[in-house]
Amino acid sequence: MAGGGAQGDAVGGALSAVVVPLTAMHAEGVLEIYRAGIEEGNATFETSPPSWEVFDAVKLPEHRFAALDEAGAVLGWVAASRVSGRCAYAGVVEHSVYVHPAARGRGVASALLKALIDSTEAAGIWTIQSGVFPENTASLAVHERAGFRAIGTRERIGRHHGVWRDVVLIERRSPSII
Ligand SMILES: CC(C)(COP(=O)(O)OP(=O)(O)OC[C@H]1O[C@@H](n2cnc3c(N)ncnc32)[C@H](O)[C@@H]1OP(=O)(O)O)[C@@H](O)C(=O)NCCC(=O)NCCS
């Protein structure tokens, strides 16, 4: 796991980690974890991670976070992008969350999603959405626990390594932005 500074909100429970704003200093660890998730085959249609420059350009700087261990190594990350340039959707973002295979099941994704929910709500963003492969039961469970609901399943919406895949659309509508 690649290193970075560790100053931020402590993650509760048994996990010893902090959640900090994701910056260029976390690039190596973030992209390594992205690659590991992609290679497992149920995280995304993408077949390789982007360069740091592309990642940095599309992910909203104020709505991306890294979870770090005590040594400053990246355990996981969450980031959001705008879904549309239209005014009506100004408060709608799409996110991704990835946790290092060795750091799963310890609440890292939950802590990252909490940071994203807090930052987006504070900025007036009312909906966070994502698409999840139905086979990705861990992601569906994590998101349900974080207050996301499944809207429905888009059937054979895209091809992944030549195979048509379904995607479950999920969203969390903020109850505090009315
Ligand atoms: C999905 C992913 C982000 C979950 O990260 P994580 O840090 O292990 O999740 P957490 O430990 O925060 O789990 C939160 C809750 O989700 C549930 N959960 C997590 N993994 C689960 C699994 N494999 N099966 C069932 N439920 C699971 C648990 O109920 C847990 O609640 P608990 O605290 O009561 O135990 C991680 O598996 C991952 O990085 N996968 C590859 C990338 C990916 O698929 N990203 C999502 C793309 S949509």
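Per chain, the residues get numbers from 1 upward, laid out in the order the sequence is written. This being a predicted model, a pLDDT of at least 70 is required before a residue's local features are given, and a value of 80 or more before pairs of side-chain atoms are given or counted; all residues contribute to the totals for chains, interfaces and linings. Water and hydrogen atoms were dropped before computing side-chain values, which therefore reflect all heavy atoms in the structure.

A look at the nonpolar core
Okay, so step 1: Counting residues in each nonpolar core, the largest one holds 25 residues, and the members touching the most others are Val19 and Leu112.
Okay, so step 2: Only DSSP runs of H or I with at least four residues qualify as helices, and only runs of E with at least two residues qualify as strands; both kinds are numbered from the N terminus onward. Those elements giving two or more residues to this core turn out to be β3 (64–68), β4 (74–82), β5 (92–99), α3 (108–122), β6 (127–132) and β8 (163–173).
Okay, so step 3: Per element, the largest residue contribution to this core is eight residues, and it comes from α3.
Okay, so step 4: Two residues form a contact once any of their heavy atoms are found within 4.5 Å. In this view, Leu112 contacts Val19, Phe65, Ala66, Ala67, Gly76, Trp77, Val78, Val97 and Tyr98; residues no more than four positions away in its chain are not counted.
Okay, so step 5: Definition used in this section: a nonpolar core is a set of buried Ala, Val, Leu, Ile, Met, Phe, Trp, Tyr and Cys residues joined via side-chain atoms within 4.5 Å. Categorising residues by exposure relies on relative accessible area from a 1.4 Å probe, with only protein chains included: less than 20% of the type maximum marks a residue as buried, more than 50% marks it as exposed, and the intermediate range marks it as partly exposed. Grouped together as the second largest cluster of nonpolar side chains are 17 residues, Val18, Val20, Ile33 and Ala66 included.

Structural notes on the site of the ligand
Okay, so step 1: Being near a molecule or strand, for a residue, means having at least one of its heavy atoms within 4 Å of it. Looking at the ligand, there are 19 residues lining it, with Val97, Val99, Gly105, Gly107 and Asn136 nearest.
Okay, so step 2: Under this definition, polar contacts are N or O atom pairs within 3.5 Å; protein pairs additionally need one hydrogen-donor-capable and one acceptor-capable atom, and for neighbouring residues in sequence, both atoms have to be side-chain atoms. Between a nitrogen atom of the ligand and a main-chain N or O atom of Val97, the distance comes to 2.8 Å.
Okay, so step 3: For the ligand, an oxygen atom lies 3.2 Å from a polar atom in the backbone of Arg106.
Okay, so step 4: To be clear on the numbers: accessible area is Shrake-Rupley with a 1.4 Å probe, and residue cover counts the displayed protein chains and nothing else. For the ligand, whose free accessible area comes to 940 Å², the fraction covered by protein is 72%.
Okay, so step 5: Secondary-structure elements contributing two or more residues to the shell around the ligand are β5, α3, β6 and α4 (137–145).
Okay, so step 6: Among the residues forming the shell around the ligand, the class breakdown is ten nonpolar, six polar and three charged. Amino acids outside the nonpolar list (Ala, Val, Leu, Ile, Met, Phe, Trp, Tyr, Cys, Pro) and the charged list (Asp, Glu, Lys, Arg) are all regarded as polar, and Gly is one of them.

Quick word on the packing of aromatic side chains
Okay, so step 1: Aromatic rings from Phe, Tyr and Trp, taking only the six-membered ring of Trp, are treated as a pair when their centres fall within 6.5 Å; an angle between ring planes under 30 degrees marks them as stacked, one over 60 as edge-to-face, and anything in between as tilted. Enumeration over the complete set of coordinates arrives at seven aromatic pairs.
Okay, so step 2: Measuring from centroid to centroid gives 5.5 Å for Trp52 and Phe55, while their planes differ by 20 degrees, and the two rings are stacked. Here Trp52 and its partner Phe55 are both found in helix α2 (residues 52–58), three residues apart, which amounts to about one turn of the helix. Neither Trp52 nor Phe55 differs from the other in exposure class; each is buried.
Okay, so step 3: Judged by centre distance (5.0 Å) and plane angle (10 degrees), the ring pair of Trp77 and Tyr98 falls under stacked. A residue pair is termed long-range when its members are at least 10 positions apart, and Trp77 in strand β4 and Tyr98 in strand β5 qualify at 21 residues.

Focus on unusual backbone geometry
Across residues other than glycine, the phi torsion is negative in most instances, and most of the peptide bonds are trans.
Okay, so step 1: The phi torsion at Arg156 lies on the positive side, around 45 degrees, for a residue other than glycine.
Okay, so step 2: Owing to a relative accessible area of 53%, Arg156 belongs among the exposed residues under this scheme.
Okay, so step 3: Unlike most non-glycine residues, His161 shows phi in positive territory, near 50 degrees.
Okay, so step 4: In this structure, His161 sits in the loop between β7 (149–160) and β8.

Points about the pairing of β3
When a strand is regular, its side chains alternate between the sheet's two faces.
Okay, so step 1: For β3, the tally of buried residues reaches five of five residues, placing the bulk of the element in the interior.
Okay, so step 2: Taking every second residue as pointing to the same face, both faces of β3 are buried, with Arg64, Ala66 and Leu68 on one and Phe65 and Ala67 on the other.
Okay, so step 3: Across four bridges, strand β2 (residues 18–21) lies against β3 in antiparallel orientation. Residue pairing for β3: Pro21 is matched across the bridge by Phe65.
Okay, so step 4: Here, strands pair whenever DSSP counts at least two bridges between them. Direction of pairing for β3 relative to β4: antiparallel, over a ladder of five bridges.

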